[in-house]
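# Structural features, examined
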Amino acid sequence: MDMQALYRTKLVSPEQAVSIVRSGQWVDYGNFLCAPLTLDAALAKRAEELEEVKVRAVGFPGLAAVAMADPSGERFIYNNWHFTGGDRILHDKGLCSYIPILYHEGPRYYERDIESDVYMVRCASMDSNGFFNYGVANSVQRAQIESARTIIVEVNSSMPVCHGGYDEAIHISQVDFVVESDNAPMFALKEPAVSREDMKIAEHVVSRIPDGACLQLGIGGLPNAIGRMIADSTIRDLGVHTEMLVDSYIDMYEAGRISGRMKRDLPGKMTYTFALGSQRLYDFLHHNPLCASYPVDYVNAPARIASNPRAVSINNAVEVDLYGQISSESSGIRHISGTGGQFDFAFGCYHSEGGQSFICLRSTTTDKQGNRKTRIRPTLEPGTIVTLPRTVTHWVVTEYGMANLKGKSTWERAEALIGIAHPDYREELMQEAARMNIWKRRLHPTGLSSEIRMAV
Ligand SMILES: CC(=O)SCCNC(=O)CCNC(=O)[C@H](O)C(C)(C)COP(=O)(O)OP(=O)(O)OC[C@H]1O[C@@H](n2cnc3c(N)ncnc32)[C@H](O)[C@@H]1OP(=O)(O)O
Ligand SMILES: CCCC(=O)O
């Protein structure tokens, strides 16, 4: 078969491609940087003629044009499996709905529970064998494609070609329409600032990472700071089995910290399901057989995570209550991001031989009006979503120390968490804990700093 000839028969303009969409249909977008920005813009232009087209995205880079085109929310109903800053802005305006997901279950939802009419995905240019590589997101895409009736590929030559274990590419024979984009450069994630508190938290966590650990780092400044600190450490033979590949894995690799030889699953490979970072990361991934993307039901399956010894997950949270419930996705009714793979990795790592999961958060946060509040709270505010139930939480880390909650009673949890809260809030937290009947007046509280011991 002449692949180029087949390509030409399927090549259409963005406007022609999106003309396939009918009112009432479900349209799925490629995940993260596979979001089809050109097709999204073309579909948005049809706002006047369509009704109730339901769009699902995953971590859209920026503001989805379909949501912006329709302030009434009647033409397009925009939904997202995991919010970015742009999705948050839309949600605050009532223009984006969150879809709850345990990330490793994502493909199964499409196989069993939901359907899709049209799938639109941004890919790398077609290769000589007729494959369009998805580049930086493997994720849920294969299952989404299999569930959709019409597949539209949007080519962007800036997308790196990333090796995968499987399902990292789609063949021209499976595609209905091809659209060529403006080949805009890859979206580069702004490197979040790293604070003094982050560095303190990183020191605590790094002190517990053994040689041969298998790492998962989450999103944000803190996991990157931890990666960079590991790069400067003497820890050896690290492995990578992570949901998201970020820049600091390159630092660790180039510093000789990563060999992958202690992994049981895919030894030697850096295994991941999507990547997000700077152009340096995308250049590193391009045609690099050191790294392999797999679908999320492979990477995030808790049993597979657990199959590597000394698996370590390091993730951020928004808030934690004195019972040890973690919210990493909302604060009250304000939705912030999503469950993503946090549950998968916290659960999976604890079941790995010598595994540990760390939830890291600065002890306080300051809102845009300058008001500071504690992130360790007596209870979560009504509406706050629990990302990790207290039974799953292992280590909680702030700049004031670390608390291991596994096997601990409610009063031990309260004591340990108050011990790592900001000192300005500890007295108030102790009073609340007493009111909640989860506080013991003890002569020798083990989890508390000396000031607190004096106070009780
Ligand atoms: C992609 C991966 O992470 S893979 C790992 C597994 N997946 C997960 O852990 C998913 C859940 N976790 C997450 O989504 C993130 O780690 C987060 C949201 C917890 C932290 O991410 P960061 O980028 O460091 O968050 P950041 O500090 O920028 O805060 C994000 C928003 O939440 C708000 N926020 C954060 N903490 C609070 C709080 N305690 N109260 C109210 N709002 C808060 C911030 O103001 C900000 O809102 P804005 O965009 O309007 O300014
Ligand atoms: C969709 C998953 C992203 C995350 O785990 O944060």
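Procedures and definitions
Residues numbered from 1 in each chain as written. Chains lettered and ligands numbered in written order. Predicted model: local features only at pLDDT ≥ 70, side-chain atom pairs only at ≥ 80, totals over all residues. Heavy atoms only, no water. UniProt positions renumbered as here; feature names shortened; annotations may be inferred. Helix = DSSP H or I, 4+ residues; strand = E, 2+ residues; numbered from the N terminus. Core = buried A, V, L, I, M, F, W, Y, C linked by side-chain atoms within 4.5 Å. Buried < 20%, exposed > 50% of the residue type's maximum accessible area, 1.4 Å probe, protein only. Pairing = 2+ DSSP bridges. Axes fitted to C-alpha atoms, helices over the stretch in contact; angles between N-to-C directions. Contact = heavy atoms within 4.5 Å. Phe/Tyr/Trp six-rings, centres within 6.5 Å; stacked < 30°, edge-to-face > 60°.

The next thing to look at is the UniProt feature "domain: Acetyl-CoA hydrolase/transferase N-terminal" (unreviewed entry) in the chain. Summarizing the sequence annotation, UniProt attributes the feature "domain: Acetyl-CoA hydrolase/transferase N-terminal" (unreviewed entry) to residues 3-185 in the numbering used throughout. Between the C-alpha atoms that bound residues 3-185 the distance is 26 Å, and the span itself is 26% helix and 22% strand.

A few words now on the nonpolar core. Soluble globular proteins tend to pack their nonpolar side chains together in the buried interior. Of all hydrophobic cores here, the largest spans 108 residues; its most connected members are Tyr78, Met120, Phe132, Leu245 and Tyr249. Formed by 27 residues, the second largest nonpolar core is a distinct cluster that contains Ala317, Ile376, Ile420 and Ile438.

Right, let's get into the sheet that holds strand 15 (residues 291-293). The sheet built from eight strands is open, its strands ordered 15-13-11-10-16-21-25-26 with mixed pairing. The sheet terminates laterally at strand 15 and strand 26 (401-404), the two strands that pair on one side only. Along the sheet, successive strands turn relative to each other by an average axial angle of 25 degrees, direction set aside. As judged from the three bridges shared by strand 21 (residues 356-360) and strand 25 (residues 395-398), these two strands associate in the parallel manner. Along strand 25, the bridge assignment pairs Cys360 with Val397. Sheet strands in contact with helix 8 (residues 196-206) are strand 16 (311-316), strand 21, strand 25 and strand 26, and its direction is about 145 degrees off that of strand 25. Here helix 14 (residues 342-350) sits on the sheet and contacts strand 10 (214-217), strand 11 (239-241), strand 16 and strand 21; the angle it forms with strand 16, its principal contact strand, is near 145 degrees.

Counting buried residues along helix 15 (residues 410-419), seven of its ten residues qualify, which places the element largely inside the surrounding structure. Inspection of helix 15 places Arg413, Ala414, Glu415, Ala416, Leu417, Ile418 and Gly419 among the buried residues, and these make up the whole buried set.

Moving on: the environment of Ile77. Of note, Ile77 is situated in strand 3 (residues 76-80). Each C-alpha atom of the pair Ile77 and Lys54 lies 4.7 Å from the other, and the pair is 23 residues apart in sequence. Among residues more than four places away in sequence, those in contact with Ile77 are Glu52, Val53, Lys54 and Val55.

Moving on, we get to the packing of aromatic side chains. Counted under the stated rule, the structure contains 13 aromatic pairs. Between Tyr7 and Phe132, the ring centres sit 6.1 Å apart and the planes meet at 20 degrees, which makes this aromatic pair stacked. One end of the pair, Tyr7, is in helix 1 (residues 3-10); the other, Phe132, is in strand 6 (residues 131-133), and 125 residues separate them in sequence. Across this residue pair, the class does not change: Tyr7 and Phe132 are buried. When the ring of Phe343 is compared with that of Phe347, the centres are 5.6 Å apart and the planes differ by 10 degrees; the resulting orientation is stacked. Here Phe347 and Phe343 lie together in helix 14, a separation of four residues that amounts to about one turn. The class for Phe343 is buried, based on a relative accessible area of 19%.

Okay, unusual backbone geometry next. If you check the backbone angles, Glu52 has positive phi at about 45 degrees while not being a glycine. Looking at where Glu52 falls in the secondary structure, it is placed in the loop between helix 3 (37-44) and strand 2 (53-58). The exposure class assigned to Glu52 is partly exposed, which follows from its relative accessible area of 44%. You will see that Ser139, though not glycine, has its phi angle at about 55 degrees, which is positive. Relative to the helices and strands, Ser139 resides in the loop between strand 6 and helix 7 (141-147).

Moving on, we come to the sheet that holds strand 18 (residues 326-327). One open sheet accounts for three strands, arranged 18-17-24; its pairing is mixed. The open sheet has two edge strands with one neighbour each: strand 18 and strand 24 (376-377). The pairing of strand 17 (residues 319-321) with strand 24 spans two bridges and is classified as parallel. Bridging across to strand 24, Val320 finds its partner in Ile376.

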